[in-house]
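# Fold and contact review
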Amino acid sequence: MTTIAESELILNARGAVYHLNVRPEELAGTIITVGDPDRVKAVSKHFDRLEGSWQHREFVTHTGYIGDKRLSVVSTGIGTDNIDIVLNELDALANIDFSTRTVKETPVSLKIIRLGTAGSLQENIPVDSFVVSSHGLGLDNLLHFYNYQNTPEEQQLLEAFRGQIRLQPGAIRPYLIEASGELSGRFTGDFHTGITVTCPGFYAPQGRVLRGALSHPDLIGQLTGFSFENRHITNFEMETAGIYGLGRVLGHECLSVSAIVANRISQEFSRDGNAAVEKMIAKAMEIIAG
Ligand code: R1P
Ligand code: URA
């Protein structure tokens, strides 16, 4: 069995994985990820009992219980580069024996649910509403560093996207992965559903101009107008496709849920984004713990 070297799986003095500073026994099988480290406590305040909390850099983890259900909440910071770190370390905590530095024989599949914020790309998905991502469509590069398989349905949708959205050839290579697991079917009622576009930035990569001119001035219009077999693009953010992609590579069930804080069509920003996020968390915790 191959031993994973100290330079590849880095453990700190207390035997915890390097960036997250969490040990295997400190992580639950159901994990909520949030971008903002301050949002971790907004999730864990719903726990009946807090078992422990750990931090290193922007990665804050709280583990606890709602009734009998053990949950962890982890902050990822911003962007799919951070998702590479968080998803690999969560997977290592579940699937690598830290004492022998070998991969465990029986793979463990984690449930990973992102509770984030996003910008809406449809006028009828207003600020303070909620979106469940049916697919993550990555305009970043992360997944191209891994070996992965698309389903025929994903390939068709990706082809349609490539046909309808004109991106700088060679510079941007979109990838697409569907949500996995049974949880998505439980986010009904108040939740819109659609394709989430994950961007490698907040400004030009999401069509925002402050002073830097855009190489793709039609990006928002093209994304809003995309349609294939009654599927539409609902929102923009910065992590979902990376989470769905690494979930596919590593065998975890992943779902991304967003509170809409900006509407890029009506050009509105939420007057109280925190209240919308709190409401999304409360609804999601009921579903996840239920
Ligand atoms: C940008 O402001 C950040 O907000 C969104 C984006 O994905 C990006 O991380 O999510 P979070 O509020 O979860 O961080
Ligand atoms: N997060 C994003 O990435 N974009 C938005 O417009 C709002 C939140």
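What you see is a predicted model; the values in this text were computed from it and never measured.

Let us now look at the pairing of strand β7 (residues 111–120). In terms of burial, β7 is largely enclosed, as 8 of its 10 residues are buried. For strand β1 (residues 30–34) and β7, the ladder comprises 4 bridges, and the chain directions are parallel. The residue bridging Ile31 from the neighbouring strand is Ile112, located in β7. Where β7 lies against strand β13 (residues 253–263), 10 bridges are found, and the strand directions are parallel. Looking at the pairing, Gly116 lines up with Ser258 of β13. Where β7 lies against strand β12 (residues 231–237), 2 bridges are found, and the strand directions are antiparallel. When the bridges of β12 are listed, Ser120 appears paired with Asn235.

Take the site of ligand 1 next. Surrounding ligand 1, one finds Gly35, Arg39, Ile78, Arg114, Gly116, Thr117, Phe202, Glu237, Met238 and Glu239. At a separation of 2.7 Å, an oxygen atom of ligand 1 approaches a polar side-chain atom of Arg39. Out of a free accessible area of 340 Å², ligand 1 has 84% covered by protein chains. Take the shell around ligand 1: its biggest share by element is 3 residues, from β7. Looking at the shell around ligand 1, its residues break down into 3 nonpolar, 3 polar and 4 charged.

Moving on: the side chain of Asn263. Among the secondary structure elements, Asn263 is positioned in strand β13. Polar side-chain contacts of Asn263 include one of 3.1 Å to the backbone oxygen of Gln122. One polar contact links the side chain of Asn263 to the main-chain amide nitrogen of Ile265, over a distance of 2.8 Å. Sequence-distant contacts of Asn263, that is, excluding residues within four places in its chain, are made with Ser120, Gln122, Glu123, Ile125, Pro126, Val127 and Glu268.

Moving on: the nonpolar core. Core analysis: the largest hydrophobic core is formed by 58 residues, its most contacted members being Leu20, Leu90, Leu115, Phe187 and Val257. With 8 residues, helix α6 (residues 273–289) is the single largest residue contributor to this core. Val257 has contacts with Ile113, Arg114, Leu115, Gly116, Val131, Val132, Phe187, Phe191 and Met280, leaving out every residue within four places of it along the chain. Membership of the second largest hydrophobic core comes to 19 residues, among which are Phe161, Leu167, Ile220 and Leu223.

A regular strand places its side chains on the two faces of the sheet in alternate fashion. Counting buried positions along strand β3 (residues 59–66) yields 7 of 8 residues, so the element is predominantly enclosed. Here strand β2 (residues 49–56) folds back onto β3, and the loop between the two strands holds 2 residues, one of which, Arg57, carries a positive phi near 50 degrees. Two elements, β3 and strand β4 (residues 69–75), share 6 bridges in a ladder whose sense is antiparallel. Residue pairing in the sheet places Thr63 in a bridge with Ser72 of β4.

What follows deals with the packing of helix α2 (residues 80–95) against helix α5 (residues 240–250). How two helices sit against one another is set out by the angle between their axes and by the gap between those axes. Following both chains from N to C, one finds α2 and α5 inclined at 30 degrees, their axes separated by 9 Å at the closest point. Read as a crossing pair, α2 and α5 show a hand that is right-handed. From α2, Thr80, Ile83, Asp84, Leu87, Asn88 and Asp91 reach across to α5, where they touch Gly242, Ile243, Leu246, Gly247 and Leu250. Looking at the contact of α2 with α5, its residues break down into 5 nonpolar, 4 polar and 2 charged.

In the vicinity of ligand 2, the residues found are Thr117, Ala118, Gly119, Phe202, Gln206, Arg208, Phe236, Glu237, Met238, Val261 and Ala262. Between ligand 2 and Gln206 there is a distance of 2.8 Å, counted from a nitrogen atom to a side-chain nitrogen or oxygen. Contact distances for ligand 2 include 2.6 Å between an oxygen atom and a side-chain N or O atom of Arg208. Considered on its own, ligand 2 offers 240 Å² of accessible surface; in the complex 93% of this is hidden by protein. Those elements giving two or more residues to the shell around ligand 2 turn out to be β7, β12 and β13. Ranked by residue count, the leading element in the shell around ligand 2 is β7, at 3 residues.

Cut-offs used in this document
Here, residues in each chain are numbered from 1, in the same order as that chain's written sequence. Labels follow written order: the first chain is A, the first ligand is 1, and so on. Residue-level local features of this predicted model are given only where pLDDT is at least 70; pairs of side-chain atoms are given and counted only at 80 or more, and the full residue set underlies all totals for whole chains, interfaces and linings. No hydrogens and no water enter the side-chain calculation; it runs on all heavy atoms of the structure. Relative accessibility thresholds used throughout: buried, under 20% of the residue-type maximum; exposed, over 50%; partly exposed, between the two (1.4 Å probe, protein chains only). Segments assigned H or I by DSSP are reported as helices when at least four residues long, segments assigned E as strands when at least two residues long, and all are numbered from the N terminus. Two strands are counted as paired when DSSP detects at least two bridges linking them. Any residue with a heavy atom positioned within 4 Å of a molecule or strand is treated as near that molecule or strand. Side-chain atoms alone can form a polar contact between residues adjacent in sequence; in general such a contact is a pair of N or O atoms within 3.5 Å, and within protein one must be able to donate a hydrogen while the other accepts it. The Shrake-Rupley method, run with a 1.4 Å probe, gives the accessible areas here. Residue values count only the displayed protein chains as cover. Residue polarity is assigned by list, with Asp, Glu, Lys and Arg as charged and Ala, Val, Leu, Ile, Met, Phe, Trp, Tyr, Cys and Pro as nonpolar; anything else, Gly included, falls into the polar class. The criterion used for residue contact is that any of the two residues' heavy atoms lie within 4.5 Å. In this description, a nonpolar core means a group of buried Ala, Val, Leu, Ile, Met, Phe, Trp, Tyr and Cys residues linked to one another through side-chain atoms lying within 4.5 Å. Between the N-to-C directions of two axes lies an angle of 0 to 180 degrees, each axis being a line fitted to C-alpha atoms and, for a helix, fitted only over the stretch in contact. By definition, any crossing whose near helix is turned counterclockwise from its far helix by less than a right angle is left-handed, and any crossing with a clockwise turn is right-handed.

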